[in-house]
Amino acid sequence: MKVIVIGAGLGGLTLAHGLRRAGVDVVVYERDAASGRPQGVSLHVDERGMSALRACLPPAHFAMVEATTGGPREQTLELSCSDGELAVTGARPCDGAAGRARPGRQVHRPLLKAVLLTDLDDVVRFGAEFTRFERRADGTVRAWFADGRTDTADVLVGADGIGSAVRRRYLPDVRVVDTGRRMIMGATPLRAVLGTGLPGLIGDSPARVHLHGTTMVLGVLRFTEAPPAARKRWLPALRRTAAEIEDYVMWALPATREPAMELPPALRTIVGEAWPDFTVALRGGMIPPPPVWPARPVTLLGDAIHLAPGFGGNLAMRDARRLCEALAEAHQGRLGLLDAIGRYEDTMRRDGFTKVSA
Ligand SMILES: Cc1cc2nc3c(=O)[nH]c(=O)nc-3n(C[C@H](O)[C@H](O)[C@H](O)COP(=O)(O)OP(=O)(O)OC[C@H]3O[C@@H](n4cnc5c(N)ncnc54)[C@H](O)[C@@H]3O)c2cc1C
């Protein structure tokens, strides 16, 4: 069996590792160049994402991810500010209930991406923008790329994120709705903000600071093992520069048209000392659940088909694991190909959309 994956993001690369380990021929086509582009700084990865990585990655890759997470995050702290001083006023459990985060750990996103790309040189084709596909009479699927390239496989997987060209071609009625939510997200070296007292106050927990009717989100990533040492121990093939990162504070602020609000001194320092390269502006979107579609040799995973603010990466990696398991069964002849894809899509629709729309 051969599988073409469009998109070398979290979901597409997790799937590629899993399929390769299952003996399936897989090729990933990625629009960006190998140097990539900034896609945010850190991710809260919960058991859905971690168990997918554990199942799909080679053991040394997974050990590298595990060694370089932050500490356990089991509650979200609520902070308020009085006379410029921040204080913890409460805590909510990370229990996944009522839209709350699940227990998890913070992961440095560019490092995770670099780990996922390690040892996939023969699988990932960069600078290849997918444009369209055609289903052929023999049951295979042919994919076209902007530079005129084509490739043919038994299955085409759209793992090409929120603007998915595969989704637009395959399920043209599925639309991304702009929620109007805008955020600015950044990261600041921990050493630059130690004097503010904030890192000691919040520890490893995510924190929400309530300010003038808005909320700033913060989280300190103290690597369990320094990434350069972990690289040496677990994954020397990892690009050396990918491991050159120090402990930091990530933060996210809603972007509004209101005049800039006055931040308390600790938060002013955090925003003022941020690394410019990691500061990104985000816009919120959602995909209303579409009607069920029949299984065909084209499918979608992750943000290409469902959007989940704050946990879409976990869902993309879980989709990848589930699709990988289903395709591996088809590859071994224990399940028909369309039955395998249908089984995956049933679980993806059930779990991806109910959480998003809840
Ligand atoms: C700032 C920020 C913070 C976030 N925090 C969290 C968090 O804490 N926890 C969490 O779980 N999630 C988080 N998310 C969401 C998470 O990043 C996404 O849900 C996740 O990246 C989706 O993975 P994916 O593989 O579906 O798509 P992506 O990771 O977006 O990958 C899609 C890939 O497809 C490529 N592509 C697109 N079009 C084409 C084409 N035509 N041809 C070829 N390639 C193409 C893109 O270049 C990209 O590499 C966050 C997102 C952002 C932006």
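Going by the structure above, here's the rest.
Keep in mind that this is a model prediction, so the values were computed, not measured.

The rules we used
- Residues numbered from 1 in each chain as written.
- Predicted model: local features only at pLDDT ≥ 70, side-chain atom pairs only at ≥ 80, totals over all residues.
- Heavy atoms only, no water.
- Pairing = 2+ DSSP bridges.
- Helix = DSSP H or I, 4+ residues; strand = E, 2+ residues; numbered from the N terminus.
- Near = heavy atom within 4 Å.
- Polar contact = N/O pair within 3.5 Å; in protein donor to acceptor, adjacent residues only side chain to side chain.
- Areas by Shrake-Rupley, 256 points an atom, 1.4 Å probe, with all protein chains shown as cover.
- Nonpolar A, V, L, I, M, F, W, Y, C, P; charged D, E, K, R; others polar.
- Salt bridge = Lys/Arg side-chain N within 4 Å of Asp/Glu carboxyl O.
- Buried < 20%, exposed > 50% of the residue type's maximum accessible area, 1.4 Å probe, protein only.
- Contact = heavy atoms within 4.5 Å.
- Expected span 1.5 Å × (residues − 1).
- Core = buried A, V, L, I, M, F, W, Y, C linked by side-chain atoms within 4.5 Å.
- Domains from an automatic or database assignment.
- Axes fitted to C-alpha atoms, helices over the stretch in contact; angles between N-to-C directions.

Participant: Which parts of the structure should I look at to understand the pairing of strand 5 (residues 75–82)?
Facilitator: Looking along a regular strand, one sees side chains alternate from face to face of the sheet. With 8 bridges connecting them, strand 5 and strand 6 (residues 85–93) associate as antiparallel partners. Each residue of the ladder has a partner; that of Cys81, found in strand 6, is Leu86. Between strand 5 and strand 6, which pair antiparallel one after the other, the connecting turn spans 2 residues, and Asp83 there sits at a positive phi close to 50°. When strand 5 meets strand 14 (residues 207–211), the two strands line up parallel, connected through 4 bridges. Note on strand 14: the bridge partner recorded for Ser80 is His210.

Participant: What should I look at first to understand the site of the ligand in this one?
Facilitator: As a matter of local geometry, the ligand sits amid 34 residues, with Gly11, Glu30, His44, Arg109 and Asp303 nearest to it. Here an oxygen atom of the ligand sits 2.6 Å away from a polar atom, N or O, in the side chain of Glu30. Separating an oxygen atom of the ligand from a backbone N or O atom of His44 is a distance of 2.7 Å. Here the ligand loses 89% of its free accessible area of 1000 Å² to cover by the protein chains. Those elements that place two or more of their residues in the shell around the ligand are helix 1 (10–21), strand 3 (42–46) and helix 10 (312–331). For the shell around the ligand, the leading source of residues is helix 10, giving 4 residues. Its residues placed into classes, the shell around the ligand shows 13 nonpolar, 13 polar and 8 charged.

Participant: Just checking my understanding: could you explain the pattern of salt bridges for this structure?
Facilitator: Opposite charge on two side chains lets them pair, provided their charged atoms get close. Under the defined criterion, the tally for this structure stands at 20 salt bridges. Salt-bridge contacts for Asp32 lead to Arg31; the nearest nitrogen and oxygen are separated by 3.9 Å. Judged by its relative accessible area of 16%, Asp32 falls in the buried class. Measuring nitrogen to oxygen at the nearest pair gives 2.8 Å for the salt bridge that ties Asp178 to Arg182. The structure contains a network of salt bridges with shared partners spanning Glu78, Arg92 and Arg208.

Participant: Just checking my understanding: could you explain the side chain of Thr76 for this structure?
Facilitator: Take Thr76: it is sitting in strand 5. On the basis of relative accessible area, Thr76 is assigned to the buried category, the value being 11%. With sequence-adjacent residues up to four places away left out, Thr76 is seen in contact with Gly90, Ala91, Arg92, Cys94, Pro206 and Arg208.

Participant: Can you help me understand the environment of Ala340 in this one?
Facilitator: Here Ala340 lies in helix 11 (residues 337–357). Residue classification places Ala340 among the buried residues on the basis of a relative accessible area of 0%. Along the primary structure Ala340 and Pro110 are separated by 230 residues, whereas in three dimensions their C-alpha atoms are 32 Å apart. Not counting the four nearest positions on each side in its chain, Ala340 is found in contact with Ala326, Leu327, Ala330 and Leu335.

Participant: Can you help me understand the environment of Gly36 in this one?
Facilitator: Within the secondary structure layout, Gly36 lies in the loop between strand 2 (25–29) and strand 3. For Gly36, a relative accessible area of 38% gives the class partly exposed. For the pair Gly36 and Pro59, spaced 23 residues apart in sequence, the C-alpha separation works out to 25 Å.

Participant: Looking at this structure, how should I read helix 3 (residues 59–67)?
Facilitator: Given 3.6 residues to a turn, an α-helix orients residues that are three or four positions apart in the same direction. His61, Phe62, Ala63, Met64, Val65 and Ala67 are the residues of helix 3 that are buried. The inward-facing, buried residues of helix 3 abut helix 1, helix 2 (47–56), helix 4 (109–117) and helix 8 (227–234).

Participant: What is the right way to look at helix 1 in this model?
Facilitator: Helix length check: helix 1 (12 residues) gives 17 Å between terminal C-alpha atoms against 16 Å at 1.5 Å per residue, within 8%. In terms of burial, helix 1 is a largely internal element, 10 of the 12 residues being buried. Those residues of helix 1 not exposed but buried are Leu10, Gly11, Gly12, Leu13, Thr14, Leu15, Ala16, His17, Gly18 and Leu19. Positive backbone phi, at 85°, marks Gly23, one or two positions downstream of helix 1.

Participant: It is not clear to me how the nonpolar core should be interpreted in this structure. Could you clarify?
Facilitator: One broad trend across soluble globular proteins is that nonpolar side chains are buried collectively. Leu15, Phe130, Leu156, Leu238 and Tyr248 are the most contacted members of the largest nonpolar core, which has 88 residues in total. The greatest single-element share of this core, amounting to 7 residues, is contributed by helix 10. Each of domain 1 (1–58 + 119–176 + 287–358) and domain 2 (72–104 + 181–284) contributes no fewer than three residues to this core. If near-sequence neighbours (up to four positions away) are discounted, Leu156 is found in contact with Ile4, Ile6, Phe130, Phe133, Val141, Ala143, Val166, Pro297, Val298 and Thr299. Counting residues in hydrophobic clusters, the runner-up holds 21 residues, among them Leu79, Leu211, Leu253 and Leu267.

Participant: Teacher, can you tell me more about the sheet that holds strand 5 here?
Facilitator: Within a sheet, adjacent strands bond to each other through the backbone by hydrogen bonds, running parallel or antiparallel. Spatially, 7 strands are ordered 6-5-14-15-16-13-17 in an open sheet, and the strand pairing comes out mixed. On the outer flanks of this sheet lie strand 6 and strand 17 (280–286), each paired with one strand and no other. Sheet twist, expressed as the average angle between the axes of neighbouring strands with direction ignored, equals 25°.

Participant: Any chance you could explain unusual backbone geometry here in plain terms?
Facilitator: The general pattern is negative phi for most residues beyond glycine and trans for most peptide bonds. You will see that Asp83, though not glycine, has its phi angle at about 50°, which is positive. Positionally, Asp83 belongs in the loop between strand 5 and strand 6. Even without glycine at this site, Asp119 takes up a positive phi of about 70°. If you trace the backbone, Asp119 turns up in the loop between helix 4 and strand 8 (124–125). Classification of Asp119 by relative accessible area gives partly exposed; the value is 40%.

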